[in-house]
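Structural overview for review
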Amino acid sequence: GQQVMQIPQYQHVQEGEDFTTYCNSSTTLSNIQWYKQRPGGHPVFLIQLVKSGEVKKQKRLTFQFGEAKKNSSLHITATQTTDVGTYFCAGSGNQFYFGTGTSLTVIP
Amino acid sequence: NAGVTQTPKFQVLKTGQSMTLQCAQDMNHNSMYWYRQDPGMGLRLIYYSASEGTTDKGEVPNGYNVSRLNKREFSLRLESAAPSQTSVYFCASSVRTGGYSPLHFGNGTRLTVT
């Protein structure tokens, strides 16, 4: 069945460095959503991408949807300690699946 | 608004015991979901309810039952708990199913089965 793979599983960065997480699907996705989960918290919706090649920005966060609609990325510029948490992608094809998440640690 | 409210927040069960996790949303959403979250495995869908009166299995339904009591409430029942069901359980809701509506999650229930 369809699965959404996410890499890396863990990432440690120094505060101020950039961070990227990648989401890949074996099948074409209708859309992709991104969520953030703070340690001990619950996932919170960040954004949705629908169009092929779409790029959206939220302050220091840049989200991309691949041309083939099989992959997506989240890039954070100049990380801050408030960026700590796990970032999940979730894609829709035949069903709606969450990726395994990337846990981001920011070292002050 | 409270959003999605889950109870209890923590629970410890012994193998074979039963329990029901409660979930209620006040956003007038049509669809509700139960997920479990385990380390390294992301969020896996247990059951969902596309609308009041309907329920369907997700990826990992074995060992669970659900009830969509009304539009607001969606409960998850473990009839005979097993250690493999130790997990964090999240209830979520959305305007509709289909993957285009953002999910709104509750705060989670941390369940340990010994």
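Quick summary incoming for the structure in this document. Computed from a predicted model, the values in this text were never measured in an experiment. (Residues numbered from 1 in each chain as written. Chains lettered and ligands numbered in written order. Predicted model: local features only at pLDDT ≥ 70, side-chain atom pairs only at ≥ 80, totals over all residues. Heavy atoms only, no water.)

Quick word on the overall build of chain A
- For chain A, the helix and strand inventory stands at zero helices and 11 strands.
- For chain A, the succession of helices and strands along the chain, N to C, is β-β-β-β-β-β-β-β-β-β-β.
- Its C-alpha atoms give chain A a radius of gyration of 13 Å, near enough to 13 Å, the size a compact globule of 108 residues would have.
- Expressed as lengths along the three principal axes of its C-alpha atoms, the size of chain A is roughly 40 × 25 × 20 Å.
- The buried share among the 108 residues of chain A stands at 48%.
- Intrachain contacts of chain A at a sequence separation of at least 6 include 55% that bridge at least 24 residues.
- Of the roughly 5,200 Å² that chain A leaves accessible, carbon and sulfur atoms contribute 50%.
- With 9 positive and 6 negative side-chain charges, chain A shows a spacing of 9 Å between the two charge centroids. (Helix = DSSP H or I, 4+ residues; strand = E, 2+ residues; numbered from the N terminus. Rg over C-alpha atoms; globule rule 2.2 N^0.38 Å. Buried < 20%, exposed > 50% of the residue type's maximum accessible area, 1.4 Å probe, protein only. Contact = heavy atoms within 4.5 Å. Areas by Shrake-Rupley, 256 points an atom, 1.4 Å probe, with all protein chains shown as cover. Lys, Arg positive; Asp, Glu negative; His and termini not counted. Charge placed at Lys NZ, Arg CZ, Asp CG, Glu CD.)

Some remarks on the state of the cysteines
- The full count for this structure, using the stated rule, is two disulfides over all chains.
- A sulfur-sulfur distance of 1.9 Å marks the disulfide that ties Cys-23 of chain A to Cys-89 of chain A. On the S-S bond that ties Cys-23 of chain A to Cys-89 of chain A, the torsion sits near 75°, and the link is right-handed. Highlighted residues: Cys-23 of chain A in strand E3 (residues 19-25) and Cys-89 of chain A in strand E9 (residues 85-92), separated in sequence by 66 residues.
- Covalent S-S linkage joins Cys-23 of chain B and Cys-91 of chain B, the inter-sulfur distance amounting to 1.8 Å. In this structure, the disulfide formed by Cys-23 of chain B and Cys-91 of chain B twists by about -75° around the S-S bond and is classed as left-handed. You can see Cys-23 of chain B sitting in strand E3 (residues 19-25) and its partner Cys-91 of chain B sitting in strand E9 (residues 87-94), a full 68 residues away along the chain. (Disulfide = S-S within 2.5 Å.)

Structural notes on the sheet that holds strand E1 (residues 4-7) of chain B
Residue and element names in this part refer to chain B.
- The strand order across the open sheet built from four strands is E1-E3-E8-E7, with neighbouring strands paired in antiparallel fashion. Looking at strand neighbours, the two that pair on one side only are E1 and strand E7 (64-68), the edges of this open sheet. Across the sheet, the mean angle separating the axes of adjacent strands is 15° when strand polarity is ignored.
- Note: E7 against strand E8 (residues 74-78), five bridges, orientation antiparallel. In the strand pairing of E8, Arg-68 is matched with Phe-74. (Pairing = 2+ DSSP bridges. Axes fitted to C-alpha atoms, helices over the stretch in contact; angles between N-to-C directions.)

Here we look at the sheet that holds strand E1 (residues 4-7) of chain A
Residues and elements named next belong to chain A.
- Strand order across the open sheet formed by five strands is E1-E3-E8-E7-E6, with antiparallel pairing between neighbours. A single partner strand is all that each edge strand has here, and the edge strands are E1 and strand E6 (55-58). Neighbour-to-neighbour, the strand axes of the sheet open up by a mean angle of 15°, direction not taken into account.
- Pairing between E6 and strand E7 (residues 61-65): four bridges, direction antiparallel. Note on E7: the bridge partner recorded for Lys-57 is Thr-62.

Overview of the packing of aromatic side chains
- Enumeration according to the criterion identifies 14 aromatic pairs over all chains in this entry.
- Ring centres 6.1 Å apart and planes at 90° place the aromatic pair Phe-90 of chain B and Phe-105 of chain B in the edge-to-face group. With a gap of 15 residues between them, Phe-90 of chain B in strand E9 and Phe-105 of chain B in strand E10 (residues 104-105) connect regions that are remote in the sequence. An identical accessibility class is assigned to Phe-90 of chain B and Phe-105 of chain B; each is buried.
- Through a chain of ring-to-ring contacts, the aromatic side chains of Tyr-35, Phe-45, Phe-88, Phe-96 and Phe-98 of chain A together with Tyr-33, Tyr-35, Tyr-48, Phe-90 and Phe-105 of chain B assemble into a single cluster. (Phe/Tyr/Trp six-rings, centres within 6.5 Å; stacked < 30°, edge-to-face > 60°.)

With respect to the interface of chain B and chain A
- The partner chain A presents 20 residues to the 18 residues of chain B that form the contact.
- Between chain B and chain A, a total of about 1,500 Å² is buried, with carbon and sulfur atoms accounting for 56% of that surface.
- When the buried surface of chain B facing chain A is broken down by residue, Leu-43, Tyr-100 and Phe-105 of chain B rank first, second and third, together holding 32% of it.
- Taken together, the links from chain B to chain A amount to zero salt bridges.
- On the surface where chain B and chain A come into contact, there are five residue pairs in polar contact (both at pLDDT 80 or more).
- Considered class by class, the residues forming the side of chain B that touches chain A number eight nonpolar, eight polar and two charged. (Buried area = accessible area lost by both parts, 1.4 Å probe. Salt bridge = Lys/Arg side-chain N within 4 Å of Asp/Glu carboxyl O. Polar contact = N/O pair within 3.5 Å; in protein donor to acceptor, adjacent residues only side chain to side chain. Nonpolar A, V, L, I, M, F, W, Y, C, P; charged D, E, K, R; others polar.)

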